[in-house]
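Here is what each chain is made of, one letter per residue.
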Protein chains: 2
Amino acid sequence: MIVELITTGSELLLGQIINTNAAYMAKELNAVGFDVVYQTTVGDNRERMQAAIVHALTRAELVITSGGLGPTRGDITKEVSAAVFGRELSLNEVCAERIRAHFDRVHRPMTENNLRQAMIPAGAHVFTNYAGTAPGIALEQDGKVIVNLPGPPPEMKDMFERSLKPYLQRKYGFASVIVSRVLDTFGIGESKLETEIQDLILTQHNPTLALLVRPTGVIIRITAKAATTEVADRMIAGVEQEIRRRVGTYIYAVDDEPLEEVVGKKLLAQHLTIACAESCTGGLLTSRLTDVPGSSAYLMGSVVSYTNEVKAAILGVDRAVLRTLGAVSEPVACQMAEGVRRCLGTSVGVGITGIAGPDGGSAEKPVGLVYIAVAGLQGTTVEKKFFTGTRSQIKFQATQTALNMVYHSLIHR
Amino acid sequence: MIVELITTGSELLLGQIINTNAAYMAKELNAVGFDVVYQTTVGDNRERMQAAIVHALTRAELVITSGGLGPTRGDITKEVSAAVFGRELSLNEVCAERIRAHFDRVHRPMTENNLRQAMIPAGAHVFTNYAGTAPGIALEQDGKVIVNLPGPPPEMKDMFERSLKPYLQRKYGFASVIVSRVLDTFGIGESKLETEIQDLILTQHNPTLALLVRPTGVIIRITAKAATTEVADRMIAGVEQEIRRRVGTYIYAVDDEPLEEVVGKKLLAQHLTIACAESCTGGLLTSRLTDVPGSSAYLMGSVVSYTNEVKAAILGVDRAVLRTLGAVSEPVACQMAEGVRRCLGTSVGVGITGIAGPDGGSAEKPVGLVYIAVAGLQGTTVEKKFFTGTRSQIKFQATQTALNMVYHSLIHR
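From a predicted model like this one, the values you see are computed outputs, not experimental measurements.

## Section: the environment of threonine 133 of chain B
Residue and element names in this part refer to chain B. Inspection of the secondary structure puts threonine 133 in the loop between β6 (125–127) and β7 (136–141). Sequence separation of threonine 133 and leucine 69 is 64 residues, and the distance between their C-alpha atoms is 9.4 Å. Beyond its immediate sequence surroundings of up to four residues, threonine 133 is in contact with Ile99, His102, Gln117 and Glu155. In this structure the side chain of threonine 133 is engaged in a polar contact, spanning 2.9 Å, whose partner is the side chain of glutamine 117.

Here is the structure:
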């Protein structure tokens, strides 16, 4: 079943609101096996809307609009849809009665223009609006269907779920389900990852594979289409296994579980505690760790040591090393990690020192240079990284790398 | 100037991501007087994408796409655009060199597929991508223009602002300008604010006034449309003056300058330093303060004291008070603020202790209860707050309140 979505409204065309309706409808329709191949947005302009619907009917069997069903003169979607199929509108008494009852209920007088919402094209299926006043409709002709849904997202979603889905299931049956599974990776770039699994991406048509770059790393989305969820799950499992065989070492979670949560679970399961000494990340790592409910069970505390004095006085970093090698150096990162571990008496200590920019870089120590150390039961490991981007992006990448290092120190125990 | 926007990508068609690019581009184009009359979304399918671009050119003079410029085989937008105008692609050495330099900078090997991004249609204007690797292009033919921008929003926005807007201004000129000014408030609710300036909202048509609720507080947006920026600025200034006369005490910034930046400037100007002792906010306050470039001039460091032991051992909070009144109490907040100020030798100390939830609340100390103290040159002030929302929302509101308290302690000196 080929579907086109048409979202209407000047606010969308002017960019005053973001089009969440299109994403919602697309996701729901794809999940039951319908193919959304185009989405169009058009304003409250009779001629252009009519052209958009007529054009959509040339390339889709089902055209679903949202928006333009309200009481004002700018609300023209039903009239335009009726015109496309050559139908007349007339007042639907059941709809009119519902609208009158609504105004009684909220103790407000009903202005006459509200009855425009009860004008229904001849032969339409009517969808009651349980979350507002404007009813929706479905118009069938020559094997094609036009559906009009309201624009406000709560009304659209309620009607989609309660009325449109049952209507579509009765009319077309739901051929399939679409199930997606996300593999969250870190430490491998998009192009490298593509090279590793290129043959799978090219040959797989069901499940399909897609790579997406996120601030947290690259994700691999496996999407299967099948008659039932069970079958789809089995299809995904087969591809997932092959991907894990090749690049499993980079996969830290499924379905976008945050890395701080993954690390928290490992710490909890192994009865370990953690503390951080942060310089250029300025507390962001600790803040991410404490975003996880229950993190007080393993996160004891942290020290943000922005100055050399704090690094030396609280964390015990060697003043001579700070003087000779500078704060952004490998030994300082290690001493920060070890110092905060000792000072707070935890199993694991993390130390981060670097240059978040935009100023403060040099040829030898450029903006984006960050040293990250993890001190644990098997000693201390340290990594030297070069990050790019804005100050906030560099901070975030440093925390993601630190979490990943802690994660690997915990799974390899 | 009639414009059509084409956003591409399976993630959009499948509803996996929301189309923020279309809203951004529409808003920016409308602001300079261009008419966006259609927005279309199409997948990474050669035939359908080509049909969409060809159809768009029948009804618009300028067609702007976003997405599909990356290194993978699914990235076909430039090829399809070139095909529509009958152009060949070839490797652009300048673009290729930039991509190689990027991989050098991040010390990672470049896989060959990355050079696909440097394949440029004959005769294209090239837009450098300063926020990523894939360049954008503009193709002109028979009075029509196709522009290809990258899909990731930070890259698209950067290129739109730096390269596309100047290109469009040179080519078409800008008919009118829309200028907005945002007044950022904190400490006053939306309905109270609306009551205070209701008459202005109702009577103003140009400039218009809008209230929007943000996590940082309620903002007042003043928007004027005029022939030139100067005229629009003057129109805005008049309304702003009247708003400030009524609710100026709640306005801490204009145009969404973050409160941490406002506070940072005050500290810098007054040659003061700051340190934080954070419990329930877990480092978020310090992380926000260090998001500001140059914050190392006034932020000395912080202690995240998640346990009572850290509060007592490092910050010197009275163990007897912790035992009798508990960690979430007014005296503990004050002693944390005073302790971190003393310990790090700063002018200002901030102490935050509370219950971020979702667990750990009681009838007496519910989730959302937070004490915030600021210790400064004129002694210590403390506030007791009840926040609502998720764990992250409670953390954020506590940091915003703390920053606002520091801000007021600095402007009232």
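What follows picks up the thread again.
## Thoughts on the interface of chain A and chain B
Interfaces are often sized by the amount of accessible area the parts lose when they come together. Contact residues are listed per partner, giving 68 residues for chain A and 67 residues for chain B. Carbon and sulfur atoms supply 57% of the area that chain A and chain B bury against each other, a total of about 5300 Å² over both sides. Of the charged contacts, one joins lysine 395 of chain A and aspartate 291 of chain B as a salt bridge, the two residues approaching to 2.6 Å between their closest N and O atoms. Where chain A touches chain B, the interface holds 36 residue pairs in polar contact (both at pLDDT 80 or more).

## Description of unusual backbone geometry
Residue and element names in this part refer to chain A. Following asparagine 206, the chain continues into proline 207 via a peptide bond in cis, with omega recorded as 0°. The phi angle at aspartate 142 is positive, at roughly 50°, despite the residue not being glycine. For aspartate 142, the location among the structural elements is in the loop between β7 (136–141) and β8 (144–149). In this structure aspartate 142 comes out as exposed when scored by relative accessible area, which is 74%.

## Quick notes on the side chain of threonine 77 of chain A
All names here are of chain A. Tracing the sequence through the fold places threonine 77 in helix α4 (residues 77–84). In this structure threonine 77 comes out as buried when scored by relative accessible area, which is 0%. Separated by 2.7 Å, the side chain of threonine 77 and the backbone oxygen of glycine 67 make a polar contact.

## Some thoughts on the environment of leucine 14 of chain A
Tracing the chain through its elements places leucine 14 of chain A in the loop between α1 (10–13) and α2 (20–31). Residue classification places leucine 14 of chain A among the partly exposed residues on the basis of a relative accessible area of 33%. With residues near it in sequence (within four places) discarded, leucine 14 of chain A still touches Ala26, Lys27 and Asn30 of chain B.

## Quick word on the domain arrangement of chain A
Along its sequence, chain A is carved into domain 1 (2–172), domain 2 (177–254) and domain 3 (259–411). Taking the mean C-alpha position of each, domain 1 of chain A and domain 3 of chain A sit 53 Å from one another.

About the criteria used
- What you see as residue numbers is a count from 1 along each chain, following the sequence as written.
- Working convention: letters from A go to chains and numbers from 1 go to ligands, in the order in which they are written.
- Only residues with pLDDT of at least 70 are given local features in this predicted model, and only at 80 or more are side-chain atom pairs given and counted; all residues enter the totals for whole chains, interfaces and linings.
- Side-chain numbers here rest on the full set of heavy atoms in the structure, without hydrogens or water.
- Working definition: helices are DSSP H or I runs of at least four residues, strands are E runs of at least two. Numbering for both runs from the N terminus.
- Note on contacts: a residue pair is in contact if any heavy atoms of the two residues lie within 4.5 Å.
- Two N or O atoms form a polar contact when they lie within 3.5 Å of each other; inside protein one atom must be a possible hydrogen donor and the other a possible acceptor, and for residues adjacent in sequence the pair counts only when both atoms belong to side chains.
- The term buried area denotes the loss of accessible surface (1.4 Å probe radius) that occurs when two parts are joined, taken as the sum for both partners.
- Any Lys or Arg side-chain nitrogen located within 4 Å of an Asp or Glu carboxyl oxygen qualifies as a salt bridge.
- Residue burial is assigned from relative accessible area. The probe radius is 1.4 Å, only protein chains are included, and a residue is buried under 20% of its type maximum, exposed over 50%, and partly exposed in between.
- The domain boundaries here were taken from an automatic or database domain assignment.

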